[in-house]
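# Breakdown of the fold
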Amino acid sequence: SKDNRNLYLAREGLVREGTLAAEGVSKEDIAKRNHLSRWKKQMLKDLNMFVSPTRLCVRNLPPHIEDKTLKQTMLKFADDPNAKITESKVMRDFKQNIGQKDAVGASKGFGFVTYTTHESALNALRKINNNPSVFHKEQRPIIEFSIENRSALNARQKRLENSREKNHLWKGNKERNS
């Protein structure tokens, strides 16, 4: 109850070399997991950073996967009829396509999925992380709770509130003006 940064979630889904969970995992995947673990530890030294209880970071994605496919995959393999996803986003590199209209950037190999509840996110992480049947055996998904920056989220929320105040069509403004 005193951990308002949710640091206990940072180690959820960790696969260590030499454990039963690491059986059949390629050396490259183990190296990626170790690198991510060190990176996460470094990021969490900053007190503005916290672990989101509902947003998952999905790494090791195949290059062809789209936002919609990621969402469908996460719902299918999580096998939870009550799970609802509010956001599913594959991160893309758009620098290559500067000036091209309707260009889709190359996948960066990771994305984010946000669930409505912590229980759904935890269930998805536990069922999909390191599962060889999701993509293929050589490229198992690496799933962890997302590291978020509290200052950036507060700034984003402030921009959203300002935008809503200026938009006369937003329903909250209509109710106040009535």
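Below, the structure is looked at part by part. None of these values were measured; they are calculated from a predicted model.

Helix and strand counts for the protein stand at 5 helices and 4 strands. Beginning at the N terminus, the succession of helices and strands in the protein can be written as α-β-α-β-β-α-β-α-α. Overall size of the protein, expressed as C-alpha extent along the three principal axes, is 65 × 50 × 35 Å. Taken over 178 residues, the protein has a buried fraction of 39%. Of all intrachain contacts in the protein linking residues separated by at least 6 positions in sequence, the fraction that spans at least 24 positions is 70%. Roughly 11,700 Å² of accessible area belongs to the protein as shown, and the carbon and sulfur atoms make up 51% of that amount. The distance from the centre of the 35 positive side-chain charges to the centre of the 21 negative ones in the protein is 3 Å.

With that settled, consider the packing of helix α2 (residues 67-78) against helix α3 (residues 118-128). Contact geometry of α2 with α3 gives a least axis separation of 9 Å together with a crossing angle of 85°. With respect to their mutual orientation, α2 and α3 come out roughly perpendicular. Taken together, the residues of α3 that come into contact with α2 (itself represented by Thr73, Met74, Phe77 and Ala78) are Asn123, Ala124, Lys127 and Ile128. By residue class, the composition of the contact of α2 with α3 is 5 nonpolar, 2 polar and 1 charged.

So, on to the pattern of salt bridges. Tallying each qualifying case throughout the model produces 7 salt bridges. The salt bridge partner of Arg55 is Glu87, with a shortest N-O separation of 3.6 Å. With Arg55 in strand β1 (residues 49-59) and Glu87 in strand β2 (residues 85-93), this pair connects stretches of sequence that are 32 residues apart. The salt bridge partner of Arg92 is Glu66, with a shortest N-O separation of 3.4 Å. Of the two residues, Arg92 is situated in strand β2 and Glu66 in the loop between β1 and α2; the sequence distance between them amounts to 26 residues.

Listing the buried residues of α3 in full gives Ser120, Ala121, Leu122, Asn123, Ala124, Leu125 and Ile128. Looking at the packing, one finds that the buried side of α3 touches β1, α2, β3 (106-115) and β4 (142-149). The positive-phi residue at the C-terminal boundary of α3 is Asn130, with phi of around 65°.

The description of two aromatic rings rests on the distance between their centres and on the angle between their planes. The full count for this structure, using the stated rule, is 1 aromatic pair. Residues Phe110 and Phe112 carry aromatic rings whose centres are separated by 5.9 Å and whose planes lie at 85° to one another, so their mutual orientation is edge-to-face. When its relative accessible area of 21% is taken as the criterion, Phe110 is described as partly exposed. If you follow Arg55 out to its NZ or CZ, it ends over the ring of Phe112, 4.1 Å from the centre.

Taken across its 11 residues, β1 has 10 buried, putting it largely inside the fold. Two strands pair when backbone bridges link them, and β1 and β3 are joined in this way by 5 bridges, in the antiparallel orientation. Following the sheet pairing, Leu56 is matched in β3 by Val113.

The 4 strands lie next to each other as β2-β3-β1-β4, forming an open sheet whose pairing is antiparallel. With partners counted over all chains shown, the strands left at the sheet margins are β2 and β4, one partner each. For this sheet, the mean angle separating the axes of adjacent strands, direction not counted, is 35°. Sheet analysis places β1 next to β4, joined by 7 bridges and oriented antiparallel. Across the sheet, Val51 pairs through a bridge with Ile147, a residue of β4. Here α2 sits on the sheet and contacts β1, β2, β3 and β4; the angle it forms with β2, its principal contact strand, is near 130°.

Rules used in this analysis
- Residues numbered from 1 in each chain as written.
- Predicted model: local features only at pLDDT ≥ 70, side-chain atom pairs only at ≥ 80, totals over all residues.
- Heavy atoms only, no water.
- Helix = DSSP H or I, 4+ residues; strand = E, 2+ residues; numbered from the N terminus.
- Buried < 20%, exposed > 50% of the residue type's maximum accessible area, 1.4 Å probe, protein only.
- Contact = heavy atoms within 4.5 Å.
- Areas by Shrake-Rupley, 256 points an atom, 1.4 Å probe, with all protein chains shown as cover.
- Lys, Arg positive; Asp, Glu negative; His and termini not counted.
- Charge placed at Lys NZ, Arg CZ, Asp CG, Glu CD.
- Axes fitted to C-alpha atoms, helices over the stretch in contact; angles between N-to-C directions.
- Parallel < 35°, antiparallel > 145°, perpendicular 65-115°, else oblique.
- Nonpolar A, V, L, I, M, F, W, Y, C, P; charged D, E, K, R; others polar.
- Salt bridge = Lys/Arg side-chain N within 4 Å of Asp/Glu carboxyl O.
- Phe/Tyr/Trp six-rings, centres within 6.5 Å; stacked < 30°, edge-to-face > 60°.
- Lys NZ or Arg CZ within 6 Å of the ring centre and 35° of its normal.
- Pairing = 2+ DSSP bridges.

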